[in-house]
Amino acid sequence: GKAIISLAAVILLSLTFMPEAVAAAKPFYEGKTITLVVPSNPGGGYDLYGRLLMRHMGKHIPGNPKFVIQNMDGAGGLIAANHVYHRVKPDGLTFMIFNHAVIMRQLAGDPDVLVDVRKMRWIGTASDSPNMCVVRNDARYQRIEDMIGAKEPTILGATPASTREYFPKMLNEVLGTNLKVIVGYKSGGSIYVGVESRELDGACGVGWDSLKADRPHWFKENFAHIFLQLNPVEKADDLPN
């Protein structure tokens, strides 16, 4: 599956670069290896982000360190986050691609979240693509306004413990929408198939860049449309309405 739709992925350093390394004659990272923890199995979107960073990032760090990938799938990125937060030695040699659904889970008071994202060192993002909510054009409800207080639910698909699960639940709590989330799909691709086979009305918390890349015909052929843009820094240029 392509976790790129999920979400936009954020990078975490276990410790900032050590100040004394700047003054040293020999760069701190010279001859060292940095471990990049990826919260998914090989082949997914987060893994692609990680391998892209691994290919280029060492060239831009004084000392040109080597990189290795450590895939750590499970619990929507929570296993990797808990591992880095509690078990990784804070020596500046480990950082991770962060599944931002963990942030929402901390806000929701999930007892399985053993990290405090406010105490983490954030250094950047691999993608600033907003998350979208999409629905088939023949679904019962077409506008977010129609889904608020609706008698019948809008059926959405989600992978477990992902933005596709937590964003709709947040909308139900905050706006009073009637969004029913079917959790258990193994990938974004399987959710798309569910929408195309009409077992689902749509999905919410899907990365816009990835959705355009994976299913461009949905919009060219008027099969589906975006009914809500989430976490926007600014409105997407190609979604004026």
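The structure we're discussing is the one just above.
First, a word on what this report is: a plain description of the structure on this page. (Residues numbered from 1 in each chain as written. Predicted model: local features only at pLDDT ≥ 70, side-chain atom pairs only at ≥ 80, totals over all residues. Heavy atoms only, no water.)

## A closer look at the overall build of the protein
Helices and strands together make up the secondary structure of the protein, namely nine helices and 10 strands. Looking at the protein residue by residue over its 241 residues, the buried ones come to 51%. The contacts in the protein between residues at least 6 apart in sequence include a share of 76% that link residues at least 24 apart. Of the roughly 12,200 Å² of accessible surface on the protein, 55% is carried by carbon and sulfur atoms. (Helix = DSSP H or I, 4+ residues; strand = E, 2+ residues; numbered from the N terminus. Buried < 20%, exposed > 50% of the residue type's maximum accessible area, 1.4 Å probe, protein only. Contact = heavy atoms within 4.5 Å. Areas by Shrake-Rupley, 256 points an atom, 1.4 Å probe, with all protein chains shown as cover.)

## A short note on a nonpolar patch on the surface
A contiguous nonpolar patch, built from Ile148, Met170, Val174 and Leu175 and spanning about 340 Å² of accessible area, is present on the exposed surface. Its location among the elements puts Met170 in helix 6 (residues 163-175). (Patch = residues over 30% accessible without salt bridge, like charges linked within 9 Å, V, L, I, M, F, W, Y side chains within 5 Å. Salt bridge = Lys/Arg side-chain N within 4 Å of Asp/Glu carboxyl O.)

## Quick look at the packing of aromatic side chains
According to the stated counting rule, one finds six aromatic pairs in the structure shown. With centroids separated by 6.0 Å and ring planes inclined at 85°, the aromatic side chains of Phe67 and Phe95 adopt a geometry described as edge-to-face. Highlighted residues: Phe67 in strand 3 (residues 66-71) and Phe95 in strand 4 (residues 94-98), separated in sequence by 28 residues. Taking the relative accessible area as the measure of exposure, Phe67 reaches 11% and is therefore buried. Pairing Tyr192 with Trp218 gives two aromatic rings, centres 5.4 Å apart and planes at 75°, and the pair type is edge-to-face. (Phe/Tyr/Trp six-rings, centres within 6.5 Å; stacked < 30°, edge-to-face > 60°.)

## Topic: the pattern of salt bridges
Inspection of the entire model under this criterion finds 11 salt bridges. Close ionic contact of Asp110 with Arg105 constitutes a salt bridge, the shortest N to O distance being 3.0 Å. Relative accessible area serves as the criterion here: at 16%, Asp110 is assigned to the buried category.

## Brief notes about unusual backbone geometry
Trans is the common state for peptide bonds, and a negative phi is the common state for residues other than glycine. Positive phi values are uncommon outside glycine, yet Asn64 reaches one of about 45°. For Asn64, the location among the structural elements is in the loop between helix 2 (45-56) and strand 3. With a relative accessible area of 51%, Asn64 lands in the exposed category. One non-glycine residue with positive phi stands out, namely Arg198, at about 70°.

## Regarding the state of the cysteines
Per the counting criterion, the structure on display carries one disulfide. With a sulfur-sulfur separation of 1.8 Å, Cys133 is cross-linked through a disulfide to Cys204. Here the residue Cys133 occupies a position in strand 6 (residues 131-136), and Cys204 occupies one in strand 9 (residues 202-207), the gap between them amounting to 71 residues. Per residue, the accessibility class of Cys133 equals that of Cys204, and both read buried. (Disulfide = S-S within 2.5 Å.)

## Some words on the nonpolar core
Taken as a class, soluble globular proteins show a tendency for nonpolar side chains to be buried jointly. By size, the foremost hydrophobic cluster in this structure holds 18 residues, and its most contacted members are Cys133, Leu171, Cys204, Phe227, Leu228 and Leu230. Those elements giving two or more residues to this core turn out to be strand 6, helix 5 (144-147), helix 6 and strand 10 (224-230). Once residues lying within four places of it in the same chain are set aside, the contact partners of Leu230 are Pro130, Asn131, Cys133, Phe167, Leu171, Cys204 and Gly205. Ile191, Val206, Ala224 and Ile226 belong to the second largest nonpolar core, which has 17 residues in total. (Core = buried A, V, L, I, M, F, W, Y, C linked by side-chain atoms within 4.5 Å.)

## Thoughts on helix 2
With 12 residues, helix 2 extends 17 Å from end C-alpha to end C-alpha; this agrees with the ideal 16 Å at 1.5 Å per step. Among the residues of helix 2, those classed as buried are Gly45, Tyr46, Asp47, Tyr49, Gly50 and Leu53. (Expected span 1.5 Å × (residues − 1).)

## Looking at helix 7 (residues 188-196)
Of the positions making up helix 7, those classed as buried are Gly188, Ile191, Tyr192, Gly194 and Val195. The arc that holds every buried residue of helix 7, seen down its axis, measures 160°, which confines them to one face. Buried residues belonging to helix 7 abut strand 6, strand 7 (154-158), helix 6, strand 9, helix 8 (208-214) and helix 9 (217-220). One or two residues past the end of helix 7 sits Arg198, with phi positive at roughly 70°. (Arc of directions from axis to C-beta.)

These figures capture arrangement, not role.
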